[in-house]
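Working through the structure, step by step
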Amino acid sequence: MSPTDQSPELLAAAVHEAGHALAFRKARVRVHSLQVWLKDGDAEGLCRVDDSHIPDRLAFLAAILAGAEAHARFVAQHHGMVFLANARRAVAGCASDDHALFQHYAHGVSHGRALSRARSFVWWNSGPITRLGHKLARTGRLSGWSL
Ligand SMILES: [Zn+2]
């Protein structure tokens, strides 16, 4: 049994971080590392990026929203009841951080525009996002060349 069989919640959190990472890369922003871990039975995650240069603000903001979008799409595709209850908690936890980040970087760009960009990105990149999520859930941390 792999760790992800024991914790679908960890896998969902990993897919969330993978959604951020691939969308940031698409926005030409350097991704330093991704991490997921379990804390008191809840999955938590982190995507560290270099924000010193933001070439495309709309794409950058879409990447902030792409985590929750990837998470929601993944959960919808794997609709187990227990899993849903866990995943909803994980979404609520991380989405609140993402919301604060969005406000910080928004500079007048509308949430709706960024959200529609994020949805479209996740729709077209669902395969790579899921693959990177599985890899992250297996290892717990990815950085540099392994990303
Ligand atoms: Zn997030």
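In the annotation of an unreviewed UniProt entry, the protein chain is listed under the name Peptidase M41 domain-containing protein and assigned to Actinopolyspora mortivallis.

**Quick look at helix H5 (residues 111–124)**
Since the α-helix turns once every 3.6 residues, residues separated by three or four places project in the same direction. Taking 1.5 Å of rise per residue, 14 residues should cover 20 Å, and H5 covers 20 Å from first to last C-alpha, within 8% of that figure. Every buried residue belonging to H5 is among Ala114, Arg117, Ala118, Phe121 and Val122, and all of these are buried. For H5, the buried positions fall inside an angular range of 130° around the axis, keeping them on one side. Exposed side chains of H5 directed beyond 90 degrees from the buried face belong to Gly112, Arg113, Ser120, Trp123 and Trp124. Buried residues in H5 make contact with helix H2 (8–26), helix H3 (57–77) and helix H6 (126–139).

**Comments concerning the sheet that holds strand E3 (residues 141–143)**
Strand order in the open sheet made by the three strands is E2-E1-E3, with antiparallel pairing throughout. The open sheet has two free edges, formed respectively by strand E2 (42–49) and E3, since each of these has just one partner strand. Taken over all neighbouring pairs, the strand axes of this sheet differ in orientation by 5° on average, direction set aside. In this structure, strand E1 (residues 31–39) lies alongside E3, joined through three bridges in antiparallel fashion.

**Details of unusual backbone geometry**
Although it is not a glycine, Arg28 adopts a positive phi angle of roughly 60°. Mapped onto the fold, Arg28 is located in the loop between H2 and E1. Positioned with a positive phi, His107 is a non-glycine residue whose angle comes to about 45°.

About the thresholds
- Residues numbered from 1 in each chain as written.
- Predicted model: local features only at pLDDT ≥ 70, side-chain atom pairs only at ≥ 80, totals over all residues.
- Helix = DSSP H or I, 4+ residues; strand = E, 2+ residues; numbered from the N terminus.
- Expected span 1.5 Å × (residues − 1).
- Buried ≥ 20, exposed ≤ 12 C-beta atoms within 10 Å, placed from the backbone.
- Arc of directions from axis to C-beta.
- Contact = placed C-beta atoms within 7 Å.
- Pairing = 2+ DSSP bridges.
- Axes fitted to C-alpha atoms, helices over the stretch in contact; angles between N-to-C directions.

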